[in-house]
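# An overview of the molecular structure
Here's the letter readout for the chains.
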Amino acid sequence: MKLNKEDILKALETITVPGEGQNMVESGAVKNVVTFADEVIVDITITNPSLQAKKRTEVDILKTIHEKVYEKAKITVNIKVEAPEKPKANVIKGKPIPGIQNIVAIASGKGGVGKSTVTANLAVSLSKMGFKVGILDADIYGPSIPIMFDVASEKPLAVNIDGKSKMKPIENYGVKVLSIGFFTQPDQAVVWRGPMAAKALNQMIFDAHWGELDFLLLDLPPGTGDIHLSIMQSLPITGAVVVSTPQNVALADAKKGVAMFQQESIDVPVLGIIENMAYFTPEELPDNKYYIFGNAGAKHLAEDLKVPFIGEIPLVQSIREAGDVGRPAALQTATPLEKAFEVITQNVVQEVVKRNDNLPPTEAVKITTMAGCSAVKK
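One numbering rule holds for all chains: residues counted from 1, following each sequence as written. Local features in this predicted model are restricted to residues of pLDDT 70 or higher, and side-chain atom pairs are both shown and tallied only at a pLDDT of 80 or more, whereas totals for entire chains, interfaces and linings draw on every residue. Computation of side-chain values covers all heavy atoms of the structure but excludes hydrogens and water.

## A look at the packing of aromatic side chains
Defined as follows: Pairing of aromatic side chains requires ring centres within 6.5 Å, counting the rings of Phe and Tyr and the six-membered ring of Trp. Pairs whose planes differ by under 30 degrees are stacked, by over 60 edge-to-face, and all others tilted. Helix and strand labels come from DSSP, where a helix needs a run of H or I of at least four residues and a strand needs a run of E of at least two; each type is numbered from the N terminus. Working definition: with a 1.4 Å probe on protein chains only, accessible area under 20% of the residue-type maximum means buried, over 50% means exposed, and in between means partly exposed. Only when the NZ atom of a Lys or the CZ atom of an Arg is both within 6 Å of the ring centre and within 35 degrees of the ring normal do we say a charge sits over the ring.
One pass over the structure, following the stated rule, counts 4 aromatic pairs. Between Tyr 279 and Tyr 291, the aromatic rings sit 6.0 Å apart at their centres with planes inclined by 65°, giving edge-to-face as the arrangement. Here Tyr 291 lies in the loop between strand E12 (270–275) and helix H8 (297–305) and Tyr 279 lies in the loop between E12 and H8, a separation of 12 residues in the sequence. Residue Tyr 291 is classed as partly exposed on the basis of its relative accessible area of 39%. Note that Lys 289 overlies the ring of Tyr 279, its terminal NZ or CZ placed 4.6 Å from the centroid.

Below, the structure is given as structure tokens:
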């Protein structure tokens with residue numbers, strides 16, 4: 001008897017692959033059927049590697065063809081096993097926030113270099129340029145953004161979005177702000193271990209109604225630790241900006257900050273380095289520059305690490321005063337400070353555009369059990 005391929009396939013449609021819901025033809029398990037006179041060869045691929053599954057598959061094919069097509073058919077069954085790849089343990093893949101175009105992390109290797117001041121003024125300058133901007137104050141243990149935006153006494157309201165209760169960020173100077181400082185007393189210390197701090201951050205990220213934003217700036221805490229990893233696991237960060245003073249002590253830590261983002265298991269693009277407190281200019285001698293912490297240290301570091309140098313900010317008393325009274329210095333008009341922050345902001349935007357043109361969309365960092373937690377060698 002001459003066997004027909006269509007009859008064979010029709011018969012095989014009555015058999016289910018072990019461990020799967022679909023029949024073996026519909027699921028694509030049957031890769032090929034060849035007939036010649038009363039002989040038939042069936043090539044099939046299954047995902048169950050057990051001997052029992054292979055034997056049952058072969059028996060089912062033989063029995064079905066004999067019963068439904070031809071009882072004296074000479075059948076050869078070639079079974080190949082392709083077990084599905086096991087997922088890596090503890091892989092966490094974050095998800096983007098709808099409506100937010102770019103997420104930029106502002107980081108520093110050490111504290112006291114003016115990272116929050118830079119973040120606040122960068123946000124205000126972006127807003128003045130017409131961008132929609134938000135700040136997530138991720139410095140859980142030392143939140144200062146509420147003070148710098150004069151909203152320390154504010155409390156976020158709850159809004160109903162698509163049937164879910166969301167936090168509405170506090171807004172001032174055209175910038176939306178969320179900080180753990182809104183949920184604690186001014187004199188209350190946040191004494192939390194890493195997992196609890198990470199959970200609080202995730203709530204501020206995903207349980208907030210940010211709306212449409214061109215830029216969400218993340219004011220990260222100093223160092224290269226648990227909070228940084230939690231943030232980078234939770235969010236697909238467009239790029240990072242590292243802030244440093246020209247002082248060698250600060251530069252050594254800034255170098256570690258850059259190395260953290262460039263580590264193979266993290267691989268977040270570094271948009272550049274900003275030099276804060278680059279020089280001191282007294283009010284009565286506006287043309288004089290005194291290099292208190294060193295000259296062009298961060299600029300030279302950027303050159304050594306082959307990352308862009310975003311710009312420098314002078315050490316001027318009014319920057320500190322403006323931050324303390326909750327009105328960032330970038331809000332000034334026709335002053336050298338306004339110009340300095342404008343230049344830095346334009347450079348950051350330029351680097352973001354360049355990064356988006358040259359690199360694929362960022363995914364959140366996938367960190368397995370201990371990846372990303374080792375000492376960084378650079």
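## A few points about the pattern of salt bridges
Note the cut-off: Whenever a carboxyl oxygen of Asp or Glu lies within 4 Å of a side-chain nitrogen of Lys or Arg, that contact is scored as a salt bridge.
Evaluated as defined, the whole model comprises 6 salt bridges. One salt bridge in this structure joins Lys 128 and Glu 338, with 2.9 Å as the shortest N-O distance. With Lys 128 in helix H3 (residues 115–128) and Glu 338 in helix H10 (residues 336–358), this residue pair connects regions lying 210 residues apart in the sequence. Residue Lys 128 is classed as partly exposed on the basis of its relative accessible area of 41%. A relative accessible area of 13% means that Glu 338 is categorised as buried.

## Here we look at the confidence of the model for the protein chain
Spelled out, the test is: For every residue, the predictor reports its confidence as pLDDT, a number between 0 and 100. Residues are treated as being in contact if the distance between any of their heavy atoms lies within 4.5 Å.
On average, residues of the protein chain carry a pLDDT of 80, and 84% of them reach 70 or more. The low-confidence segment residues 87–93 (pLDDT under 50) makes 17 contacts with residues lying over four places distant or belonging to another chain. Low pLDDT, under 50, characterises residues 367–378; the predicted model gives this stretch 22 contacts beyond four residues in sequence or across chains.

## Re the sheet that holds strand E2 (residues 39–46)
To keep things clear, this is the line we draw: Paired strands, in this sense, are two strands between which DSSP finds at least two bridges. Every angle, taken between N-to-C directions, lies between 0 and 180 degrees, and every axis is a line fitted to C-alpha atoms, over only the stretch in contact when it is a helix.
Read across the open sheet, the 3 strands follow the order E1-E2-E3; overall the sheet is mixed. For this open sheet the edge positions go to strand E1 (30–36) and strand E3 (74–81), each flanked by a neighbour on one side alone. Strand-to-strand twist of the sheet, defined as the mean angle between neighbouring strand axes without regard to direction, takes the value 10°. Along the sheet, helix H1 (residues 5–12) makes contact with E1 and E2, crossing E1 at roughly 140°. Along the sheet, helix H2 (residues 51–68) contacts E2 and E3; its crossing angle with E3, the most-contacted strand, is approximately 150°.

## Looking at the sheet that holds strand E5 (residues 133–137)
Strand order in this open sheet of 8 strands is E8-E9-E5-E10-E4-E11-E12-E13, and the pairing throughout is mixed. What marks the edges here is a single partner per strand, and that holds for strand E8 (170–172) and strand E13 (309–312). Each neighbouring strand pair of the sheet contributes to a mean axis angle of 25°, computed without reference to strand direction. Against the sheet, H3 contacts strand E4 (100–107), E5, strand E9 (175–179), strand E10 (213–219), strand E11 (239–244) and E12, and its axis sits at roughly 170° relative to E10. Contacting E12 and E13, H8 crosses the sheet at an angle of about 155° to E12.

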